Amino acid sequence: MFSPRPFFVPVIIRGVLWLMAFAGLGVSADEGGSSNHWAFTAPRRPVLPHVRNTRWVKSPVDSFILARLETEHVKPAPVADRSTLLRRLSLDLTGLPPTAAETESFLNDTREDAYARRVDDLLASPHFGERWGRHWLDLARYADSSGYQVDRERPWAWVYRDWVIRSVNEDQPFDQFTIWQLAGDLLAEKSSNTVQRDQIIASGFHRLALSNHEDGVDEAEFVAKAKVDRVATTGTAWLGLTLACAECHSHKFDPISQREFYQLYAFFDPLREHDADLGGGLVAYTFKGGTNATRTHVHIRGDFLRLGDEVSPGFLQCLGSTGCSKSPTRLDLARWIASPENPLTARVEVNHLWLHLFGRGLVATTEDFGTRGEKPSHPELLDWLATEFVRVGWSRKEMIRQIVNSATYRQASNARPELAERDPENRWLARQNRLRLESEILRDSALSASDLLNASVGGKSFRPHLPEDVQWLSTASAWSWTDDTGPVTYRRSLYIYTQRTVQHPLLPTFDQANPSESCTRRDRSDTPLQALALLNNGVFIEAAHHLASTAETKFPGDRATQIQYAFLRCLGRKASTTETRRMERLYDQVAKSHPGEAGFVTAQTLLNLDEFLNRE
Amino acid sequence: MDPQHLIQQTRRDFLLGGSRGVGALALASLLGQEGLLGGPHSTKTAAAKSFAHFAARAKSCIFIYMEGGVSQIDLFDPKPKLNELNGQKMPESLTKNVRFAFIQKDSAVLMGSPHKFQRYGKSGIEMSGMLPHLGACVDDLALVRSMHTDSFNHHPGELLMYCGSPMLGRPSMGSWVTYALGSLSQNLPGYVVLTAGRAPSGGNTMFQNGFLPSNYAGVMFRSQGEPVQDLSTPAGLSAEARHYGLDALRDLNSLRQMQTGDPEIAARISAYELAARMQLAAPELTDLSKESEATRTAYGVDRDSGGLKTQRGGGPDAFKTFARNCLLARRMVERGVRFISIHHASWDHHNDLDSDLLYNCRVVDQPIGALLGDLKQRGLLDDTLVVWASEFGRTPLGENRPSFAGRVSGRDHHPSAFSVWLAGAGVRGGQVLGETDEIGWNPVKDPIHVHDLQATMLHLFGLNHERLTYRHQGRDFRLTDVGGEVVKPLLS
């Protein structure tokens, strides 16, 4: 009589499509779930393709892009002007617009390698780790609270966040970065004191899964959910695989069986959560155990109450099982993922890097390299990058350096109407892309342009002002929100306290990643609520006031120079004559009827310009 | 869905808002003035992709969500046999494989309902005597007594009811509907959320757009003060100065669009124009002073609690707020808001059920009755779907958690049977669907799962729940996950 449905059954296209795939209707044999899918064989380093316009090539990357363009008889876009380049580079590498002094010094730097020098400076900036660490935190579903109704505070989550920033700044090799996060607790047992601590902190990656502390829950149910999440997140972040599809039944499109899903689950099954005392009042979230004889079973249809066959830990057949001993440990799993022989890990990570530098991955479906994902636009380039990544010792900084120094990256982003029909999504990269800034970067840019930014790196998360009615949303939960005040509230947005059930409203309005599941790419939507926030939200109002008063203080009474200064701060460039005239007209219009508001309105208009909201 | 399509989809909602010409006009005026205009400018837009699969009966939905788990046994599903068995233990066979949030199985006993039921309307449907205003509308209601769900905890249950899955991060039903059908309003968001009583226990996660674009998120409206966050021009800034600023912004954005050729800038300009219209429309919407005295009285917007008290938050303001929210919902329907969620908490009556239930019924009964009557009288009920739901029901057993120390005065969470009702657009009223066993433990006739209810709601909007999908992380998701069947007997 009582027949509970499975608690979570992900939707895969229904059986009809599945049958079609196997009958070869609409889906080729190669895509029909077979293991000779391109992404399941290890990348081989391709020979650089021959190109005619060799003078354009600045990096091996360019050969691949140009070869395709030449096949299509399309010329690359001209290089972007220098101020655009500097702003693009600064935002992409540090998430902050260039200061007025940086812009001026770059524009006056006539040395041949001025751009490359600037690249090196920005890669060495402590803000580089904040910018690229935040990208990783999206994958790690980072938050400062547990999720669900009670949404309990996790007061030490930031210790992991800071480690990520540090690791990225120190350019920790990505294979080691991977192993520490998946099995740092196991390594730490045999490590020296200096790295031990970081290995333990890093292993907090999988402590970021949600937990439900609501009264009356069946604890086992949510513990099982967290383990499922650990498998799914590992698949998303490192392998670009939609493993969660195999929780309830074998994957409909990729050669991953439900049994294999629970073989991966078995690595996480024996783990017990543990808070490690790091000394000095610091705590790290980590795990204990991992070798005891927990028996793992397949969950029939994903229902943790319906146990099927017993399984032991194991890797995925379709990716080759190199290094899989008879009874592999979680450390073996981590090493298998971070191995150069793993066909996916390096490809998936360089694809993430590409995404953040061009707005779109070479594989557009960054989260899905399986047979249902999109094929790479430049398969050889992807493989070249993946093998290069391993060759340079898994150095993310080196890869980013090579990409941003390329002619491909430096192109102007202006639309090319003549290609709108042939390449509407700009997959050939016959230009750069124009990209709306992410939520955090928008707020940071406004604070920076107006000289309000507190640029200190790392430390506890802070709570900015939360509107009363949003605060009130918290009253049913076990937490409360007390606004922080003072300089701490002008810190960068990645330090804003992430309450899973009540994200600070400003951030999701601009498509901040959902902190409850691993996110490989964010949306870039455009809504009237964004306009309202930019015009009326306290942060942006304060920034406009401060920008106006800074300009007035620096150049008292000199309206034209004030406008030039504000342009430089907001857009990293000088205003054109047309723009200056229009801004002066605005200033005068307002000054005539409301003299006290003229500077503010002018500054606010600049902070709302589409160009300010975008990286071009 | 590929990103390009997504962008077009997003853009469509603004450009269909009727503002397409405005940006172009502004551009012409600016560039004409500056002598830069080369030729006519237009933004190329994709033809609107329609998800409508068949004729819609509903244009809008008012989703009245009673958070916490409404006691169906005391309000909607009378069980004389349960009253007879009051104080007795349940057969073990019924509870053997059942998980409870708080009940201790060994010592739990059945608890009858002290509340009087009565027959209402021509259809003679039995409902609680504490719901006279709703009872007066019973001939328009389809009462479902055989609902069941998967989760016996609040947040997962709420997420399942709102988003079709107990997991965080899925789009809300209102987001799906507005994603599929767009907004009917040129000035207001397509999906609006109104809350009263205690705060929603899951924060705002039930109203989120999940993996859908963020313009499909539920927008919280406040019933008093600034209607929407960041709606008001900052204090000390004159309307005139703001106006000049927006003019300059539009001109410079148009100029930038000409320089970069990026059609996204046109969408940005449109978004600012829609925001400006919303700034005018939202305060007009929430201003109830133009409503007749008769209407205000019918809804009870000036009521107080009449001295009643509750253990579960909300305070005396809940009476006014809930009534205002119901009236606002009607005004939103009139203005083309697609999906309105009226959220009320809390119905989580583990103890003090009798007094707290009476309190909640007094809060919600009169305004909901007035809303249904008002919609009907204005001819709006024909294409407005009204749904009352909760995440689960409550147990026929009294709750005996140890900390209550023997004082049993409430009921525990009960996912295997509960009641909801629907009215309006295409719903056959005056009927009871489904039946539970003699003590209300399990459905014995026409069991209806949450996904079935959702499939039916989408159907009324002209949407096939199996075809309304969105590709995310390699999977085609839908509101009804892998389940759901349209409940045909509910349709007129």
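Here is what the cut-offs are and how they apply
Residues numbered from 1 in each chain as written. Chains lettered and ligands numbered in written order. Predicted model: local features only at pLDDT ≥ 70, side-chain atom pairs only at ≥ 80, totals over all residues. Helix = DSSP H or I, 4+ residues; strand = E, 2+ residues; numbered from the N terminus. Contact = placed C-beta atoms within 7 Å. Rg over C-alpha atoms; globule rule 2.2 N^0.38 Å. Buried ≥ 20, exposed ≤ 12 C-beta atoms within 10 Å, placed from the backbone. Core = buried A, V, L, I, M, F, W, Y, C linked by C-beta atoms within 7 Å. Nonpolar A, V, L, I, M, F, W, Y, C, P; charged D, E, K, R; others polar. Pairing = 2+ DSSP bridges. Axes fitted to C-alpha atoms, helices over the stretch in contact; angles between N-to-C directions. Parallel < 35°, antiparallel > 145°, perpendicular 65-115°, else oblique. Left-handed = near helix turned anticlockwise from the far one by under 90°. Expected span 1.5 Å × (residues − 1). Bend = angle between axes of the 7 residues up to and from the residue. pLDDT = per-residue confidence, 0-100.

For the rest of this paragraph, the subject is the overall build of chain B. Per the secondary structure count, chain B includes 13 helices and 17 strands. Long-range contacts, defined as pairs at least 24 residues apart, comprise 77% of the intrachain contacts of chain B with a sequence gap of at least 6.

A separate point is the overall build of chain A. In terms of helices and strands, chain A carries 25 helices and six strands. Against the globule reference of 25 Å for 616 residues, chain A gives a C-alpha radius of gyration of 26 Å, in line with a compact fold. By its C-alpha atoms, chain A is 80 × 65 × 55 Å across when sized along the principal axes. The buried share of chain A, taken over its 616 residues, is 56%. At a minimum sequence separation of 6, the contacts of chain A that also span at least 24 residues come to 65%.

On to the nonpolar core, then. Ranked by size, the top nonpolar core spans 306 residues in total, and within it B:Ile64, B:Cys326, B:Ala329, B:Ile340, B:Leu385 and B:Val387 carry the most contacts. Those residues in contact with B:Val387 that lie beyond four places of it in its chain are B:Cys61, B:Phe63, B:Ile64, B:Val420, B:Leu422 and B:Met457.

All names here are of chain B. Along the polypeptide, Ala142 turns up in strand E4 (residues 141–148). A residue is classified by how many C-beta atoms lie within 10 Å of it, and Ala142, with 24 of them, is buried. Considering only alpha carbons, one finds Ala142 and Gly484, 342 residues apart in sequence, at a separation of 19 Å. When residues no more than four places from it in sequence are discounted, the contact partners of Ala142 are Trp421, Leu422, Val427, Arg428, Gly429, Gln431, Leu433 and Leu490.

Attention now moves to the interface of chain A and chain B. With 85 residues of chain A at the contact, the number on the chain B side is 74 residues. Mapped onto the side of chain A that touches chain B, the elements with two or more residues apiece are helix H18 (468–472), helix H19 (506–509), helix H20 (528–536), helix H23 (577–593), helix H24 (598–608) and helix H25 (610–613) of chain A. Take the side of chain A that touches chain B: its biggest share by element is eight residues, from H23(A). Residues that form the side of chain A that touches chain B fall into these classes: 36 nonpolar, 29 polar and 20 charged.

Another aspect to go through is the pairing of strand E1 (residues 60–67) of chain B. Residues and elements named next belong to chain B. Of all eight residues that make up E1, eight are buried, and the element is covered over most of its length. In this structure, E1 lies alongside strand E8 (residues 384–389), joined through six bridges in parallel fashion. Within the sheet, the bridge partner assigned to Tyr65 lies in E8 and is Ala389. Direction of pairing for E1 relative to strand E7 (residues 339–345): parallel, over a ladder of seven bridges. Bridge pairing in E7 places Phe63 opposite Ser341.

Turning next to the packing of helix H21 (residues 538–554) of chain A against helix H22 (residues 559–571) of chain A. All names here are of chain A. Two numbers describe how H21 lies on H22: the axes approach to 9 Å, and their chain directions differ by 130°. When the axes of H21 and H22 are compared, the pair comes out oblique. The chirality of how H21 crosses H22 is right-handed. The residues of H22 that touch H21, namely those facing Leu547, Ala551, Glu552 and Lys554, are Gln562, Tyr565, Ala566 and Arg569. The class makeup of the residues in the contact of H21 with H22 is four nonpolar, one polar and three charged.

Our next topic: H20(A). Across the nine residues that make up H20(A), a large majority, nine, are buried. All of the buried residues along H20(A) are A:Pro528, A:Leu529, A:Gln530, A:Ala531, A:Leu532, A:Ala533, A:Leu534, A:Leu535 and A:Asn536. The secondary structure elements touched by the buried residues of H20(A) are H19, H21 and H24 of chain A together with strand E6 (219–220) and helix H9 (264–286) of chain B.

Attention now goes to unusual backbone geometry. Residues and elements named next belong to chain B. Each neighbour pair has its own omega, and for Ala345 with Ser346 the value is 10°, a cis peptide bond. Within the secondary structure, Ser346 sits in the loop between E7 and helix H12 (353–377). Look at Ala405: it is not a glycine, yet its phi comes out positive at around 50°. Ala405 sits in the exposed class, given 8 other C-beta atoms within 10 Å.

The geometry of H24(A) relative to helix H8 (residues 239–260) of chain B is characterised by a closest axis approach of 9 Å and an angle of 40° between their N-to-C directions. Of the possible angle classes, the one that applies to H24(A) and H8(B) is oblique. Crossing of H24(A) against H8(B): the hand is right-handed. Of the residues in H8(B), those touching H24(A) at A:Val601, A:Gln604, A:Thr605 and A:Asn608 are B:Ala241, B:Tyr244, B:Gly245, B:Ala248 and B:Leu249.

Residue and element names in this part refer to chain B. Here H12 spans 35 Å end to end across 25 residues, near enough to the 36 Å set by a 1.5 Å rise per residue. Of all bends in H12, the biggest is about 25°, found at Val364, and the proline Pro367 comes one to four residues later. Of the residues one or two after H12, Gly379 is the one with positive phi, at around 75°.

Turning our eyes to something else, we now look at the environment of A:Tyr490. All names here are of chain A. Checked against the element boundaries, Tyr490 lands in the loop between H18 and H19. Taking the number of C-beta atoms within 10 Å as the measure of exposure, Tyr490 has 22 and is therefore buried. For the pair Tyr490 and Phe462, spaced 28 residues apart in the sequence, the C-alpha separation amounts to 9.6 Å. Discounting chain neighbours no more than four positions away, the residues touching Tyr490 are Leu447, Leu452, Leu453 and Asn454.

Looking now at the confidence of the model for chain A. Keep in mind that low pLDDT regions are not for reading the predicted coordinates in detail. For chain A, per-residue confidence averages 91 on the pLDDT scale, and 92% of positions sit at 70 or higher. Overall, residues 1–33 of chain A carries pLDDT values under 50, and its contacts beyond four positions in sequence, including any with other chains, amount to 63 contacts.

All names here are of chain A. Inspection of the secondary structure assignment puts Gln604 in helix H24. Judged by the 28 C-beta atoms lying within 10 Å of it, Gln604 falls in the buried class. Sequence-wise, Gln604 and His545 are 59 residues apart; in three dimensions their C-alpha atoms are separated by 7.9 Å.

In the case of a regular strand, side chains alternate between the two sheet surfaces. Residues and elements named next belong to chain B. Across the six residues that make up strand E9 (residues 393–398), a large majority, six, are buried. Alignment of E9 against strand E10 (residues 411–414), held across three bridges, turns out to be antiparallel. When the bridges of E10 are listed, Gly393 appears paired with His414.

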